[in-house]
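Chain by chain, the residues run as shown.
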Amino acid sequence: MSEHAIDSHHGAPQSKGIVSFLARWLFTTNHKDIGTLYLWLSFIMFFVGGAMALVIRLELFQPGLQFVDPNYYNMMVTMHGLVMVFGVVMPAFVGFANWQVPLMIGAPDMALPRLNNWSFWILPFAISLLSSTMFMQGGGPNFGWTMYAPLSTKYAPPSTDFMIFSIHLLGLSSIMGAINIIATILNLRAPGMTLMKMPMFVWTWLITAFLLLAVIPVFAGAITMMLFDRNFGTSFFNAAGGGDPVLYQHIFWFFGHPEVYILILPAFGVISQVIPTFARKRLFGYHFMVYATASIAFLSFIVWAHHMFTTGLVLSASLFFMYMTMLIAVPTGVKVFNWVSTMFRGAMTFETPMLFAIAFVFLFTIGGFSGLMLAIVPADYQYQDTYFVVAHFHYVLVSGAIYALMSGVYYWFPKWSGRWYNETLGKWHFWLTVISTNITFFPMHFMGLAGMPRRIPDYALQFTDFNMIATVGAFIFGFAQLIMLYNIVASLRKPKTVDDQVWEGARGLEWTVSSPPPYHSFTKPPVANFDDMI
Amino acid sequence: MQALIKRWIISGLLLITQVANATPESRFNMPRGVTPISNAIYDLHMAIFWICVAIGVIVFSVMIYSLINHRKSLGVKPATFHESVKVEILWAIVPFFILVVMAIPATRVLIHMEDTKQADVTIKVTGYQWKWQYEYLDEGISFYSSLATPIEEIHNKAKKNEHYLLDVDHEMVVPVGKKVRLLVTANDVIHSWWVPQLGIKRDAIPGFIHESWMRISKAGVYRGQCAELCGINHGYMPIVVRAVSEKDYEAWVKKERDDITAAEALATKTFSAKELMEKGKSVYENVCAVCHQINGLGILPVYPAIKGSSVSVGKPHSRHIDIILHGRNAMPAFGAQLNDFEIAAVVTYERNAFDNNTGDVIQPSEVKARRNVKPNVNQKTAKKKPINHHHHHHAS
């Protein structure tokens, strides 16, 4: 075949008309198209999950029941968690992986493009099924996203079985995606790009994919045991039949803890790409960043019971899990110090991606501190199941994972679409977001320490002031996100004016191709000094 | 004269210690509390907090300095350093040692907390949906403790009182200075018994019992809440512990025993319809209305209506009594929590309020008789025609 034929640039296989449009997006095996599908799905679900959060915050504006009954409230709490974890953060990072991994390693596409299509298209079906449970008789799931038995087995509404089915589908999508990512990274790197010359984002996704393969099946096991206890007379989590409700917690959190690292490791990868670009300086300590990420992933398997300190663990177990949990602070600290060292004596500019990345370093670190406090078992007896925990995980998930997603979107959007986003609107979005995030979640530390439990629709009078503040912050946050929506939609209508390089300090293979990249990305393996690019 | 001066000095000292120890209900921080464990936890918490603040100040100062001075707009040229094995090892080892310093006192406190031996009083705490039961195993007394906040306050029809959502109808009383051992379990789903000022949080797990202990140093009232999502009224099952002198504790135990005897005697008494309706309304609004609602319309399809239902207006009314005694489907059994008078009253109320108007009056003796009989909760009976016409229902 002639070179000309291999290199022929063509766009997506789509002609005029609605049928052709649907066919392109339904049957695409292109990593960029599939990445776009994941990102739009997660953006839509961000507003859905966000609306649920606003229902929660609305009810919590004042003591007393004003807007919803307690069962509906519990359903909102549960669905908000499930949607944000499984419908927003995970699909969004998979969308990033799809877009960026082949481009960053110089591959034409993912290793398994048809599997890729299925990995995505399961999601809208699974999410619709999950959402539909809210409208079934008895209502939707109302036992928290952690689904502790027996509240989620014997005492749960009938729709729970549909929720279990939906989660199985979500898990299947993640497993297939993880397999694809590993196969792609291990097999399709450009010649000369050894593992220790891959971009950090690719490294974090390689490790995340292994975490997914290891723990999603465990989660599937837990929810299947739930299904059996509910419908087939088993007693896995029922003491009267010889089982143990705490067994559920062990199995769930064996999945659940690595899961939160699945949510954050790709975020670390994004930040490790953005900061060097805007500091115009290579990432400090690449090798140690890789080792630290691997250490975090390893440690994430042996800390799960820190979610269970009040369940009556034996002393030796409490001590072991306390020590291991505290230990995670070491590699995480190494990463933070390395990012700061990347910035130090660089020549920084503060475009929107960099603003989100800097805010990430500040605020994720604060979330890390509250995490360290939570690791101390005796102190945890006062923190567990209070708003102190809610503050902790929102700091690491909102100003951690979500900010990294926003940073990455602003960073790569020009490359993906060939258009510039509006920088002024980006800055407005950033400042409103970061200020409102802190207004919403910082008071929650105080609320928890002062004695407010989690997952309650109503509270004692001394918690009123901070709840009011948090609600105001939440509404500002919610409406501020519309700025980003507008920015993206409006920018997509502009003409394509972006060059290959996009950002002055950007290094990496994705910045060597056009904006947007060619339909098949790299049809010939690129030749470059990959050492210079990390 | 000397005795008087001595008394003044002692009172003065007591006053100062009271003031010094008084931690006002802080809106920002954990209470230091009134047990050795809560004190140890508070001290650990503050130590870790200050260490985190120190580390944060250092890291953020470096960042802020960099953000101000290392800008392209100032014309700086970026440096090229990008690795240093020495520095990486240093900032891994130093935090590791800081962690060890934190872990040692934490370990000590945890080991101390595990020692439940040689308790003076043992109380079995059982979490129910949505109340607590306290059984004093050595004293032979037991009672339920439910939220006492009036439902009007929750629905914003009355002003919320000072202890909104933190009031119960029957406090857990313990002696000051004695070691009180708690055996925590649950009857249905997982709950969690938490009183911040005592420094105790123990999950209540159905089918299992977990221990904790406390030695309260100061008399007073200490309030807490359930700390594990347990269903619709998770936010409405508070805990109130009253610590009193040993003498007052003994007197309280005796009174509890007497009350139990008195309640048993009520089973033989005959009450007027007015007495039963009045008591029944109070029981209904405090115990039943959380699910069946004040207006008796329930929340369909999960919580049935009382108004016009076949149970409330149909025959035999023994079915109505049995359902309350033994529970049915999602409704828990109330036979242990409510005495015969209370059940007779609430059944009378339910059968006559909400326009049900059956005219039925149930006496406690009838309820007592049903306790030992095989219950009939499921057999449907024909609806009895009410005396007055129904008004149209409001939408529920």
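Residues numbered from 1 in each chain as written. Chains lettered and ligands numbered in written order. Predicted model: local features only at pLDDT ≥ 70, side-chain atom pairs only at ≥ 80, totals over all residues.

Across its full length, chain A carries 16 helices and 0 strands. Counting only C-alpha atoms, chain A reaches 75 × 50 × 45 Å along its principal axes. Taken over 534 residues, chain A has a buried fraction of 60%. Looking at chain A alone, contacts between residues at least 24 apart form 82% of all its contacts between residues at least 6 apart. (Helix = DSSP H or I, 4+ residues; strand = E, 2+ residues; numbered from the N terminus. Buried ≥ 20, exposed ≤ 12 C-beta atoms within 10 Å, placed from the backbone. Contact = placed C-beta atoms within 7 Å.)

What follows deals with the overall build of chain B. Counting secondary structure elements, chain B contains 10 helices and 10 strands. Expressed as a percentage of the 396 residues in chain B, the buried residues total 36%. Pairs at least 24 residues apart make up 68% of the contacts formed inside chain B by residues separated by at least 6 positions.

Before going further, it helps to examine the sheet that holds strand 5 (residues 179-186) of chain B. Residue and element names in this part refer to chain B. The strand order across the open sheet formed by 5 strands is 3-2-1-5-8, and the pairing between neighbours is mixed. Of all strands in the sheet, those with a lone pairing partner are strand 3 (141-145) and strand 8 (210-215), marking the two edges. Along the sheet, successive strands turn relative to each other by an average axial angle of 25°, direction set aside. The sheet contact formed by strand 1 (residues 121-128) and strand 2 (residues 131-136) spans 6 bridges and is antiparallel. What sits directly across from Thr 126, in strand 2, is Gln 133. (Pairing = 2+ DSSP bridges. Axes fitted to C-alpha atoms, helices over the stretch in contact; angles between N-to-C directions.)

Further remarks concern the environment of Met 373 of chain A. Take Met 373 of chain A: it is sitting in helix 12 (residues 352-375). On the basis of neighbour count, Met 373 of chain A is assigned to the buried category, with 22 C-beta atoms found within 10 Å. Remark: the alpha-carbon pair of Met 373 of chain A and Trp 205 of chain A, spanning 168 residues in sequence, is separated by 28 Å. Each residue touching Met 373 of chain A, except ones within four places of it in the same chain, is listed here: Ala 379 and Tyr 383 of chain A together with His 45, Ile 48, Phe 49 and Cys 52 of chain B.

If you trace the backbone, Leu 58 of chain A turns up in helix 3 (residues 31-59). Sequence separation of Leu 58 of chain A and Asn 116 of chain A is 58 residues, and the distance between their C-alpha atoms is 39 Å.

Residue and element names in this part refer to chain B. Reading across from one edge, 4-10-9-6-7 is the order of the 5 strands in this open sheet, with mixed pairing throughout. Because the sheet does not close on itself, it has two edges, and the strands there are strand 4 (172-175) and strand 7 (200-204). Pairwise comparison of adjacent strand axes, ignoring direction, gives a mean angle of 25° for this sheet. Here 2 bridges tie strand 6 (residues 191-195) to strand 9 (residues 220-226), and the two strands are oriented antiparallel to one another. Among the inter-strand pairings, Trp 193 is bridged to a residue of strand 9, identified as Cys 226. Against the sheet, helix 5 (residues 246-266) contacts strand 4 and strand 10 (238-244), and its axis sits at roughly 140° relative to strand 4.

We now examine the interface of chain A and chain B. Contacts between the two partners involve 79 residues from chain A, matched on the other side by 78 residues from chain B. For the side of chain A that touches chain B, the secondary structure elements donating two or more residues are helix 4 (70-105), helix 8 (245-279), helix 10 (315-327), helix 11 (329-343), helix 12, helix 13 (377-383) and helix 15 (423-450) of chain A.

Residues and elements named next belong to chain B. Where burial is concerned, most of strand 9 is hidden: 5 out of the 7 residues are buried. Here strand 9 pairs with strand 10 via 6 bridges, running antiparallel. Counted as the bridge partner of Gly 224 is Ile 239 from strand 10.

Residue and element names in this part refer to chain B. Extensive coverage of helix 8 (residues 317-326) is indicated by the burial of 8 of its 10 residues. Its buried side turned inward, helix 8 meets helix 7 (310-313), helix 9 (340-352) and helix 10 (364-370). Phi turns positive, to about 80°, at Gly 327, one or two residues after helix 8.

A word on helix 7 (residues 200-231) of chain A. Between the first and last C-alpha of helix 7 of chain A there are 46 Å, a value that for 32 residues agrees with the 46 Å anticipated at 1.5 Å per step. Taken from the residues just after helix 7 of chain A, Gly 233 of chain A is the one with a positive phi, measuring 70°. (Expected span 1.5 Å × (residues − 1).)

Before going further, it helps to examine the pairing of strand 3 of chain B. Residues and elements named next belong to chain B. Pairing of strand 2 with strand 3 involves 5 bridges; the strand directions are antiparallel. For Tyr 136, the partnering residue across the bridge sits in strand 3 and is Ile 141. Once strand 2 ends, the chain turns through 4 residues before running back antiparallel as strand 3, passing Gly 140 with a positive phi of about 70°.

This brings us to the nonpolar core. Val 202, Ile 271, Phe 360 and Ile 376 of chain A are the most contacted members of the largest nonpolar core, which totals 242 residues. In terms of residue count, helix 4 of chain A provides more of this core than any other element does, 23 residues in total. Taken together, domain 1 (29-64 + 83-114) and domain 2 (121-265) of chain B each give at least three residues to this core, which thus spans both. If we skip the residues at most four places from it in the chain, Ile 271 of chain A touches Trp 339, Ala 357, Phe 360, Ala 404 and Ser 407 of chain A. (Core = buried A, V, L, I, M, F, W, Y, C linked by C-beta atoms within 7 Å. Domains from an automatic or database assignment.)

What follows concerns the domain arrangement of chain B. Residues and elements named next belong to chain B. Partitioning chain B into domains gives domain 1 (29-64 + 83-114), domain 2 (121-265) and domain 3 (268-370). For domain 1 and domain 2, the distance between their C-alpha centroids amounts to 33 Å. Counting residues at the interface gives 9 residues for domain 1 and 11 residues for domain 2. Grouping the constituent residues of the side of domain 1 that touches domain 2 by class yields 6 nonpolar, 3 polar and no charged. (Nonpolar A, V, L, I, M, F, W, Y, C, P; charged D, E, K, R; others polar.)

All names here are of chain A. Packing of helix 11 against helix 12 brings their axes to within 11 Å, and their N-to-C directions diverge by 160°. As summarised for this structure, helix 11 and helix 12 are arranged roughly antiparallel, according to the angle between their axes. Between helix 11 and helix 12 lies a crossing of left-handed hand. Across from Ala 329, Thr 332, Val 336, Trp 339 and Val 340 in helix 11, the residues of helix 12 making contact are Val 361, Thr 365, Gly 368 and Leu 372. Among the residues forming the contact of helix 11 with helix 12, the class breakdown is 6 nonpolar, 3 polar and no charged. (Parallel < 35°, antiparallel > 145°, perpendicular 65-115°, else oblique. Left-handed = near helix turned anticlockwise from the far one by under 90°.)

The step from Ala 149 of chain A to Pro 150 of chain A runs through a cis peptide bond, and the omega angle for that step is -5°. One can find Pro 150 of chain A in the loop between helix 5 (113-132) and helix 6 (160-187). Note the cis peptide between Lys 315 of chain B and Pro 316 of chain B, where omega equals -10°. By the element assignment, Pro 316 of chain B lies in the loop between helix 7 and helix 8. In this model, Asp 355 of chain B sits at a positive phi of 65°, which is unusual for a non-glycine residue.

With that out of the way, let us pick up the packing of helix 4 of chain A against helix 6 of chain A. Residue and element names in this part refer to chain A. Between helix 4 and helix 6, whose axes approach to 11 Å, the crossing angle comes to 20°. Classed by the angle they form, the pair helix 4 and helix 6 counts as roughly parallel. Crossing geometry of helix 4 relative to helix 6 is assigned as left-handed. Contact residues: helix 4 offers Phe 86, Met 90, Val 94, Ala 97, Val 101, Pro 102 and Ile 105, while helix 6 offers Leu 170, Ser 174, Gly 177, Ile 181, Thr 184 and Ile 185. Of the residues that constitute the contact of helix 4 with helix 6, the class distribution is 10 nonpolar, 3 polar and no charged.

Bringing the confidence of the model for chain B into the picture now. Residue and element names in this part refer to chain B. The share of residues in chain B with pLDDT of 70 or more is 89%, and the mean pLDDT across the chain is 89. Contacts of residues 16-24 to residues separated by more than four positions or lying in other chains number 2 contacts, the stretch itself having pLDDT below 50. Taken as a whole, residues 381-396 scores under 50 in pLDDT and shows 26 contacts with residues more than four places along the chain or in a different chain. Model confidence for the complex: the whole-complex pTM is 0.91, and ipTM, which rates the interface, is 0.94. (pLDDT = per-residue confidence, 0-100.)

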